[in-house]
Each structure stands twice: as structure tokens, then as C-alpha cells.
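Listed below are the residues making up each chain.
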Amino acid sequence: MSIFLALLTIALFSLYLSLFPALAFYASHRLCAGIPTVRSLILAPALLSLAEIINSVLFTGFSWDMLGYTQIDSILSGYAPLFGVQGISLIMFVTAAYLAYTFIRKNIVYVTVPAILMITAAPLSRFSYIEEGNPMKVALVQGNVNTTLHWDPNHIWKELQIYYDEFIANLDTEIMIWPESAIPDLEHNMEKLKVISTLDRAARSNGIGLITGIQYYDDKNRLFFNSMLGLGVIDRQKNIKYKFGEGNRYYKRHLVPIGEFVPFEWLLRQFGPIFNMPMSSFTRGSRNQPNIIIQDLKVASAICYEMAYNTELREQIYDNTNLIVTVSNDGWFNYTNGPVQHLFIARMRAREFGKPVLRATNNGITAVIDSDGRIVDTIPENITATLRTEFRPTYGETPFKKFGLMWVYLYIGSALLFAFLRKMKYKKIIASRPSQEWPE
């Protein structure tokens, strides 16, 4: 984009995001005018939480800035396996409201609710809902390929050489992860040259389970998919070989607007180059896809910013899923806080589902995260390197996996119902004895 258009887009997008909290406060004021306690302590936190949830799904959703992510290193993270990041945001809204009222009303009794929430969080932060398996060796390759060269046809073999060299240097691992689109060509083209089947054979002969990002083209239906592919050792008892277009793969479900698909394509593509970016015609993967299997472990998959959508990832985590693998290319946000924020999001997913997260990226931040959301190890950004460490697969489900946002929705619904009933009672009192405010 031109600088002017880029700045205008950022300004308009910021204004759009600001509408959600603004409308939440406006609605709470209108619905509970004259009832300040109910408005501030009950309705406003519920509507702010609802606005955050709506923002995460409307127009494909923009859910990476939820308030709850700020608490991944606090005791409030103990609520993540119960209520998800949305529940932590709600708890923060409620806590802030009661603390504000403590100062406004000069009454320490309002501190009771925040105190209970904090005291309860302490033991929850140490409680585990899952069991850990034996440690396994993992190698995550960070290719550090310049984004301007990544799709250059003349650079394909140079990029493949980077990953092949790292593969050869780490043959003593059990699982290896390559980042999003690490193989920078269509699977169809690569397999014509026997690249994928050769890689699969090399991984199996060395006892390695390999997951890599690649683009898949469905020639029959003429559809493109951003995908992850599982190669090498799948079942330790069976010598299962790679078959083109079949099995042990994941197709990205939540695509990036404009970057991977164009909403209202029939209209927006008429507006010029901005809506005709290369590779902006991907197809969404299906809602429920089987886990990729590597070394007898079942893997829930997320490509790039899909990690920001916990309710969608929840649908990829089954009762026998053992870990989460996410591949990404954050090179578009190089030298910003974007990769750090993305890492925080991945840590929250680990905490919510009680699953270790293996995060392989093109240029950083590549990391292994344990089932409590703690970073096991990382490697520096913007270098070509392989992160070698261990992780423990897990077994079992967290309450958030079982119930999702049910408890958050229940609170919001109860708050709205309570506010409505109090409003009706207030109107009756006003009708019989006019008053400016609800008698405290």
C-alpha cells in the first residue's frame, strides 16, 4: 500500500475495534440508567465481555487483543483451563469494576469480590486436569527465509536445502517440525519430482516423525489449501508410507482476510491491486478434521493466527489428543512486538487445553511450551537454527475443553436477566415515587 492508504486503513481499523467497548458502555448506561450499582458492577462487565466475544467472531473475528492474554504469567491464569481467555477477561472486568467502586463509594466491602477471585485463583493455578506422558525429543527448525524470496521460483531449491541440512544435522530426534510453507511450492509440483516421498522415506528410515507446512492444490476441484503434512514415523508398529493427497494432513480452516481469501470477492476484487494479492484464493478446510498422527501421538493443528481462536482449536482437540503443533511465518511482522504477542497467545492455548505446544516459525519466535503455558525453550529471532529440547505429551481434558464458553455465557445471560428484572422493579418504584437514583 501507499503510506497514505496504509495509515488510513490502520486508523479506520482502530476506530472499528473501539466501537465494541464503546457500545458496551453505552448499552449498559441506557439499559440501567438510574441504577448505578447494577449498571457498574453487574451489567457493564458482562457487556464488555460480550463485546470482546462478538469482536472475536464478527467479520471472521479479531481476537488477538483480548484482555485476558495479559494474565498468562499471573495467578489468574489458573482460570484458563476452566473458562478460557474470555473468562479471564470477564474476571478482570468484574475485578476492575469492584475496585473502582471501592474508591468511588469509599467502602472497603467492595474489595470482597476481587479478593475472593484472587484467593480462589491461587490453588487453581497449581491444579492439573491432565496426566503427562514420557518425555520425547523434538527439533523445531527455523529457516529464517526472507519473505521477499520465500515464493521466488528461483529460490525454491535454496530454501529446501536449508531445511534438508537441518534435517541431516538432527537425525537423533524423534519429532521434527518445519514451519508454515517451509516447502515453498505446491505439494503436487514437489511430488512430481519425488521430493515429498523421498523426504518421507528418509524420515521413516531414521525413526523421525516430521510435520511441515506446504500448499496443496486439489486438481479435480481446482481448490488451493494452506496445509500441514505429517510424514515419516506415524504408527510405530506399521510402516505407513506417504500418499499424495491422502491422509495425515490438516487444511487451514481460519483464513486471513485479504491475505488468504477476499471476502465479498465479487465486489472487492474490482477495486484494484490491494484486493488482488498473490495467493489470496485459498479455500477453508473443513470444521472437524482428524488429528495428524506422529510417533503414535495425536496432534491438534493450527496454522499461523488460527492460534488466536480457541473455540475453533477446541474443535480440533479430541479426548485422545496429546499435543498442539502450530506453524507460522511471522516474517511479515518482523522487528515488531507481533511475534511476541503471537507467542503469548500460544502460551494461553497450552494453558486452556492442558496440552504442550510446539511452535515452529520461519524467523521466530520458535518455542516449545509446556502444558501449563510455561516456555520450555526458545531460539533467537532472525537466525537459521534448530531448537532441540524435550516435551511431554499429555492425556486427558480440561473443563474448558469439555464445556467451552458455557460458564461465561451463563454469567453474561444471568447478568442481563438480573439487570432487566432490577430495571423493571426500578420503573415500578419510579411510577409510584419518582426518584433520580435507585435507593442504595
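Values in this document were obtained by computation on a predicted structure and should not be read as measured data.

Participant: Can you walk me through the sheet that holds strand β10 (residues 357–361) in this structure?
Facilitator: Each strand in a sheet pairs with its neighbour through backbone hydrogen bonds, running either in the same direction (parallel) or in the opposite one (antiparallel). If you trace the six strands from one edge of the open sheet to the other, you get β7-β8-β9-β10-β11-β12, paired in mixed fashion. Only two strands of the sheet have a single partner each, and these edge strands are β7 (292–294) and β12 (375–378). Within this sheet the neighbouring strands show an average axis-to-axis angle of 25 degrees, counted without direction. Two strands pair when backbone bridges link them, and strand β8 (residues 297–303) and strand β9 (residues 323–328) are joined in this way by five bridges, in the parallel orientation. Its bridge partner being in β9, Val299 is matched across the sheet by Leu323. Of the strands in this sheet, β9, β10, β11 (367–369) and β12 are in contact with helix α10 (residues 338–353), which crosses β10 at around 160 degrees.

Participant: Whenever I open this one, the packing of helix α2 (residues 36–55) against helix α3 (residues 80–105) confuses me. Can you help?
Facilitator: Look at α2 against α3: their axes get within 9 Å of each other, and the N-to-C directions meet at 155 degrees. Taken together, α2 and α3 sit at an angle that is classed as roughly antiparallel. The interaxial crossing formed by α2 with α3 has right-handed handedness. Between α2, through Pro36, Thr37, Ser40, Leu41, Ile42, Pro45, Ala46, Leu48, Ser49, Glu52 and Ile53, and α3, the contact on the second element is made entirely by Gln86, Ser89, Leu90, Phe93, Val94, Ala97, Tyr98, Tyr101 and Arg105. When grouped by side-chain class, the residues that make up the contact of α2 with α3 number 13 nonpolar, five polar and two charged.

Participant: Could you clarify how one ought to interpret the pattern of salt bridges in this entry?
Facilitator: Oppositely charged side chains can form a pair if their charged atoms are brought close together. This model, assessed by the stated rule, comprises 13 salt bridges. Note that Glu187 is salt-bridged to Arg249, the shortest N-O span being 2.8 Å. Taken together, the positions of Glu187 in helix α6 (residues 187–192) and Arg249 in strand β6 (residues 249–251) put the pair 62 residues apart, joining distant regions of the chain. The exposure class assigned to Glu187 is buried, which follows from its relative accessible area of 0%. Arg249 sits in the buried class, given a relative accessible area of 9%. The salt bridge involving Asp372 is made with Arg351; its shortest N-O contact spans 3.7 Å. Taken together, the positions of Asp372 in the loop between β11 and β12 and Arg351 in helix α10 put the pair 21 residues apart, joining distant regions of the chain. Judged by its relative accessible area of 27%, Asp372 falls in the partly exposed class. Three or more residues are tied together by salt bridges with common partners; here these are Arg351, Asp370, Asp372 and Arg374.

Participant: Where do I start with the packing of aromatic side chains in this structure?
Facilitator: Aromatic ring pairs are reported here in terms of the distance separating the ring centres and the angle at which the planes meet. Tallied over the full model, the rule gives 19 aromatic pairs. Taking the centre distance of 5.7 Å and the plane angle of 85 degrees together, the rings of Phe62 and Trp64 count as edge-to-face. The class for Trp64 is partly exposed, based on a relative accessible area of 27%. Between Tyr163 and Trp178, the ring centres sit 5.2 Å apart and the planes meet at 40 degrees, which makes this aromatic pair tilted. Taken as a pair, Tyr163 in helix α5 (residues 156–168) and Trp178 in the loop between β3 (175–177) and α6 lie far apart in primary sequence, 15 residues in all.

Participant: Just to check I follow, could you spell out the pairing of β9 for this structure?
Facilitator: Looking along a regular strand, one sees side chains alternate from face to face of the sheet. For β9, a buried count of six out of six residues is recorded, marking the element as mostly surrounded by other parts of the structure. Burial along β9 is two-sided: Leu323, Val325 and Val327 facing one way and Ile324, Thr326 and Ser328 facing the other are all buried. Taken together, the five bridges between β9 and β10 define a ladder with parallel strand orientation. Bridge pairing in β10 links Val325 to Leu358. In this fold, the crossover linking β9 to β10 by way of α10 has right-handed handedness.

Participant: Whenever I open this one, helix α7 (residues 195–205) confuses me. Can you help?
Facilitator: Side chains of residues three or four places apart in an α-helix project in the same direction, reflecting 3.6 residues per turn. Those residues of α7 that fall on the buried side of the exposure criterion are Val195, Ile196, Ser197, Leu199, Asp200, Ala203 and Arg204. Packed against the buried residues of α7 are α5, α6, β4 (209–218) and β5 (223–232). Phi turns positive one or two residues past the end of α7, at Gly207, with a value near 70 degrees.

Cut-off values and rules
- Residues numbered from 1 in each chain as written.
- Predicted model: local features only at pLDDT ≥ 70, side-chain atom pairs only at ≥ 80, totals over all residues.
- Heavy atoms only, no water.
- Pairing = 2+ DSSP bridges.
- Helix = DSSP H or I, 4+ residues; strand = E, 2+ residues; numbered from the N terminus.
- Axes fitted to C-alpha atoms, helices over the stretch in contact; angles between N-to-C directions.
- Contact = heavy atoms within 4.5 Å.
- Parallel < 35°, antiparallel > 145°, perpendicular 65-115°, else oblique.
- Left-handed = near helix turned anticlockwise from the far one by under 90°.
- Nonpolar A, V, L, I, M, F, W, Y, C, P; charged D, E, K, R; others polar.
- Salt bridge = Lys/Arg side-chain N within 4 Å of Asp/Glu carboxyl O.
- Buried < 20%, exposed > 50% of the residue type's maximum accessible area, 1.4 Å probe, protein only.
- Phe/Tyr/Trp six-rings, centres within 6.5 Å; stacked < 30°, edge-to-face > 60°.
- Right-handed = clockwise from strand over helix to strand, strands pointing away.

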